[in-house]
Amino acid sequence: MKKINLGLPNIEMLTKKGFKCLDLHMHSTFSDGTATPEEIVSIAKKKNLIISITDHNEIKGVKRAIEIDNKRVIPGIELTSRNAKDILVYFYNLKDLENFYEKYIKHKKIHPRRGFDLKCLRLSMKDILNSLKNYKCLKVIPHPFALKPKTNYRYFRKRQKLFEQIDALEVLQSMQTRKKTLKSVGWAELTHKPMFAGSDAHTSEIIGSVITAVKSKSLNGILDQIKKNKTFIFGSELTIYKKLQIYLKIIFRNISLK
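All values reported here derive from a predicted model rather than from experimental measurement.

Novice: An account of the sheet that holds strand β3 (residues 50-51) is requested, with residue identities and associated values reported.
Specialist: Remark on secondary structure: sheet strands pair via backbone hydrogen bonds, oriented parallel or antiparallel. Pairing within the open sheet is mixed, and its 5 strands lie in the order β1-β10-β9-β2-β3. Sheet topology places β1 (4-6) and β3 at the edges, where each strand pairs with a single neighbour.

So this is what it looks like as structure tokens:
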């Protein structure tokens, strides 16, 4: 099997071969997503996915999802530093995520920008990574080439000591272009970082459109397998038309909440 497989993932086939199919990058109504945790878990069950709700600097959504199905949901969060750099973090247990959030994140938020519920933190990326040293977790750089010129790629490339603390790179997600996917893969291969993929779903219809597949008997084992780069990537980027539809949904929902 190839490491990276572009095209709609066949979750049923992969499951029969003993793989766990993961979509660990998505957002709920507790940040800038349009689906509730209840709706997300229902979709995950139907598609036989292991998921994480990675709301921006918020854990209410993933906590609710774990209450509904703790065998299907990995504790996670997407953190945005004060200079708008992102990092995905996955914890081996909910207690550690709650402790980290209460101690380092809860009172460090800055006001939302541009109509989206993307609260930055009053913390630098260095501050965030230093605080995470106290926890067993998986740290992933999402969408490395998402924005120009302030990309995660440029930021971490200039800060080698911080980059060394990163466990994996998200090389494929639904909202980026094929060109950026190839750049992300190239960066992972050049630096020998494990590869990771997730839909970055802000709407329910694209949950599971991009997945990471691993073989593991437990949720904690999944995180270990990613760290060991024993991953297979499946999925494809969305068309421009579909991306515009999703952006409009996100904008209208978040403006309606103001």
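Novice: Please provide a residue-by-residue account of the sheet that holds strand β4 (residues 76-80), values included.
Specialist: Within the open sheet, the 5 strands sit side by side as β4-β5-β6-β7-β8. Their pairing is mixed. Edge positions in the sheet fall to β4 and β8 (195-197), since each of these pairs with one other strand and no more. Averaged over all pairs of adjacent strands, the angle between strand axes in this sheet comes to 35°, irrespective of strand direction. Alignment of strand β6 (residues 137-141) against strand β7 (residues 168-172), held across 2 bridges, turns out to be parallel. Of the residues in β7, the one forming a bridge with V140 is A168. Against the sheet, helix α9 (residues 219-227) makes contact with β5 (86-91), β6, β7 and β8, and its axis sits at roughly 50° relative to β6, the strand it touches most.

Novice: Which residues make up the pairing of β5, and what values do they have?
Specialist: With respect to burial, β5 is a largely interior element, 6 of its 6 residues being buried. Bridge analysis of β4 against β5 gives 5 bridges, and the strand direction is antiparallel. Pairing of T80 across the sheet is with D86, part of β5. Linking β4 to β5, which pair antiparallel, is a turn of 5 residues; within it A84 sits at a positive phi near 65°. The pairing of β5 with β6 spans 4 bridges and is classified as antiparallel. Paired with L88 across the strands is V140, a residue of β6.

Thresholds, definitions, all that
Residues numbered from 1 in each chain as written. Predicted model: local features only at pLDDT ≥ 70, side-chain atom pairs only at ≥ 80, totals over all residues. Heavy atoms only, no water. Pairing = 2+ DSSP bridges. Helix = DSSP H or I, 4+ residues; strand = E, 2+ residues; numbered from the N terminus. Axes fitted to C-alpha atoms, helices over the stretch in contact; angles between N-to-C directions. Contact = heavy atoms within 4.5 Å. Buried < 20%, exposed > 50% of the residue type's maximum accessible area, 1.4 Å probe, protein only.

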